[in-house]
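The lines below spell out each chain.
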Amino acid sequence: MDLQLNNKVFLIAGASKGLAYAIAEKLLQEGAKIAIASSDAQRIASAKQALLLRYPEADVFTYVCDVMQVQDIEDWVVKSHAYFGRIDGLVVNAGGPSPGTFDDLDDEAWLSAFNLTLMSAVRMIRQVLPIMRKQGSGSILTLTSSSVKEPIDFLLLSNVMRSGVTSLAKSLSAAEAAHGIRVNNLIPGIIATDRMKNLDAIQAQANGITVAQQHAQFSQEIPLGRYGEPEEFANAAAFLLSAAASYITGASLVADGGTMKTVW
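Each value, and the rule that gives it
Residues numbered from 1 in each chain as written. Predicted model: local features only at pLDDT ≥ 70, side-chain atom pairs only at ≥ 80, totals over all residues. Heavy atoms only, no water. Helix = DSSP H or I, 4+ residues; strand = E, 2+ residues; numbered from the N terminus. Rg over C-alpha atoms; globule rule 2.2 N^0.38 Å. Buried < 20%, exposed > 50% of the residue type's maximum accessible area, 1.4 Å probe, protein only. Contact = heavy atoms within 4.5 Å. Expected span 1.5 Å × (residues − 1). Pairing = 2+ DSSP bridges. Axes fitted to C-alpha atoms, helices over the stretch in contact; angles between N-to-C directions. Core = buried A, V, L, I, M, F, W, Y, C linked by side-chain atoms within 4.5 Å. Parallel < 35°, antiparallel > 145°, perpendicular 65-115°, else oblique. Left-handed = near helix turned anticlockwise from the far one by under 90°. Nonpolar A, V, L, I, M, F, W, Y, C, P; charged D, E, K, R; others polar. Right-handed = clockwise from strand over helix to strand, strands pointing away.

S.K.: Can you lay out the overall build of the protein for me, pointing to particular residues and giving the numbers?
M.R.: Each helix and strand counted, the protein has eight helices and seven strands in total. For a compact globule of 264 residues, the expected C-alpha radius of gyration is about 18 Å, and the protein comes in at 18 Å, within 12% of that figure. Dimensions of the protein, computed from the C-alpha atoms along their principal axes, are close to 55 × 40 × 40 Å. Out of the 264 residues in the protein, the part that is buried amounts to 48%. Counted over contacts in the protein with a minimum sequence separation of 6, partners at least 24 positions apart contribute 73%.

S.K.: Outline the environment of Ile 187, supporting the account with residue identities and numerical values.
M.R.: Within the secondary structure, Ile 187 sits in strand E6 (residues 181-188). Setting aside residues no more than four positions away along its own chain, Ile 187 makes contact with Thr 144, Ser 145, Ser 146, Val 148, Lys 149, Phe 233, Ser 252, Leu 253, Val 254, Ala 255 and Met 260.

S.K.: Can you break down helix H8 (residues 230-241) residue by residue, with the values?
M.R.: The terminal C-alpha atoms of H8, which comprises twelve residues, lie 16 Å apart, in line with the 16 Å expected from a rise of 1.5 Å per residue. Listed as buried for H8 are Pro 230, Phe 233, Ala 234, Ala 236, Ala 237, Ala 238, Leu 240 and Leu 241. Close packing links the buried residues of H8 with strand E1 (9-12), helix H1 (18-29), strand E4 (89-92), strand E5 (138-143), E6 and strand E7 (252-255).

S.K.: Tell me about the sheet that holds strand E2 (residues 33-38), and name the residues and values.
M.R.: Within the open sheet, the seven strands sit side by side as E3-E2-E1-E4-E5-E6-E7. Their pairing is parallel. Single-partner strands in this sheet number two, and they are strand E3 (60-64) and E7. Strand-to-strand twist across the sheet, computed as the mean angle between neighbouring axes with direction ignored, equals 20 degrees. The pairing of E2 with E3 spans five bridges and is parallel. Across the sheet, residue Ala 37 finds its bridge partner in E3, namely Tyr 63. Sitting on the sheet, H8 is in contact with E1, E4, E5, E6 and E7, with an inclination near 165 degrees to E6.

S.K.: Give a detailed account of the nonpolar core, specifying residues and quantitative values.
M.R.: Counting 34 residues, the largest nonpolar core has Ile 12, Ile 23, Leu 27, Ile 34, Ile 36 and Leu 186 as the members making the most contacts within it. Sorting the residues of this core by element identifies E1, H1, E2, helix H2 (41-54), E5 and H8 as the ones contributing at least two each. It is H1 that contributes the most residues to this core, eight residues altogether. Discounting chain neighbours no more than four positions away, the residues touching Ile 12 are Ala 20, Ala 24, Leu 27, Ile 34, Ala 35, Ile 36, Ala 37, Trp 76 and Val 91. Listed in part, the 32 residues of the second largest apolar core include Phe 84, Ile 87, Val 128 and Leu 172.

S.K.: Pulling in residues and values, what's your account of the packing of helix H4 (residues 107-135) against helix H5 (residues 156-176)?
M.R.: One way to put it is that H4 packs onto H5 with a least axis distance of 9 Å and a crossing angle of 20 degrees. With respect to H5, the element H4 is oriented roughly parallel. For the pair H4 and H5, the sense of crossing is right-handed. Residues Ala 109, Trp 110, Ala 113, Phe 114, Thr 117, Leu 118, Ala 121, Val 122, Ile 125, Leu 129 and Arg 133 of H4 touch H5, and the partners they reach there are Leu 156, Leu 157, Val 160, Met 161, Arg 162, Gly 164, Val 165, Leu 168, Leu 172 and Glu 176. Counted by class, the contact of H4 with H5 contains 16 nonpolar, two polar and three charged residues.

S.K.: Lay out the side chain of Ser 80 with the relevant residues and their values.
M.R.: Tracing the chain through its elements places Ser 80 in helix H3 (residues 70-84). On the basis of relative accessibility, which here comes to 1%, the residue Ser 80 falls in the buried class. For Ser 80, the residues in contact, after removing those within four places along its chain, are Leu 11, Ala 35, Phe 61 and Gly 85.

S.K.: Explain the pairing of E2 to me, and be specific about the residues and the numbers.
M.R.: Taking burial as the measure, the six residues of E2 include five buried ones, the bulk of the element. Since E1 and E2 lie parallel, the crossover through H1 that links them has a hand, and here it is right-handed.

Any functional reading would require information that these geometric values do not contain.
In structure tokens:
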């Protein structure tokens with residue numbers, strides 16, 4: 001399938017590693033140009049270097065952006081637009097909120113998660129919408145979590161804040177359709193990333209078992225019998241961002257190996 005991504009320009013937040021890095025790589029494979037951002041200058045520079053080693057002719061713009069800082073987001077979008085001259089897509093992404101149950105979390109934790117997860121999405125989208133409206137086209141993809149459909153007991157902050165991002169995407173999909181802008185949400189299940197390794201370790205300690213045992217236990221709960229690979233998630237992201245998904249907006253696509261039980 002031709003995704004028609006050649007020379008299209010995509011901004012990808014939090015792309016120094018994990019799922020967003022995999023999306024960046026997939027978009028380059030399809031001939032796109034990318035502006036990747038991370039709050040860690042060394043990691044984003046290393047990510048660019050790794051991508052260019054694999055795709056020497058690629059056009060990769062990098063920016064150090066802390067998505068909890070309004071000015072950083074504004075500057076990233078403005079400078080990326082100035083560099084490329086257009087913005088065809090945005091991948092909304094931020095590090096996951098801290099794990100914890102209700103009794104573990106104070107006001108500071110809630111406010112931090114609000115800024116990290118929900119307000120970063122609001123601010124990123126706010127910055128690209130005028131550009132996309134003027135172009136008469138654009139694709140926005142928010143990355144959330146299976147917790148938006150089936151809350152996870154020890155990830156209360158993620159349950160609440162990522163659900164807000166999903167509702168934002170659905171609301172904007174209707175509001176922006178007349179401008180030729182599509183807004184979708186992509187939900188990962190258990191994917192083999194550094195964050196998942198950290199969550200495995202936390203759960204293993206809570207359950208009094210080894211990390212390997214916890215990994216095996218989680219794997220048994222997945223109908224496909226294994227953790228997903230970042231590349232598999234990236235394939236779904238590239239599709240939703242592309243013209244191949246031109247009649248899809250307001251959707252929440254699940255990439256979880258069949259784990260979730262909900263049908264909506």
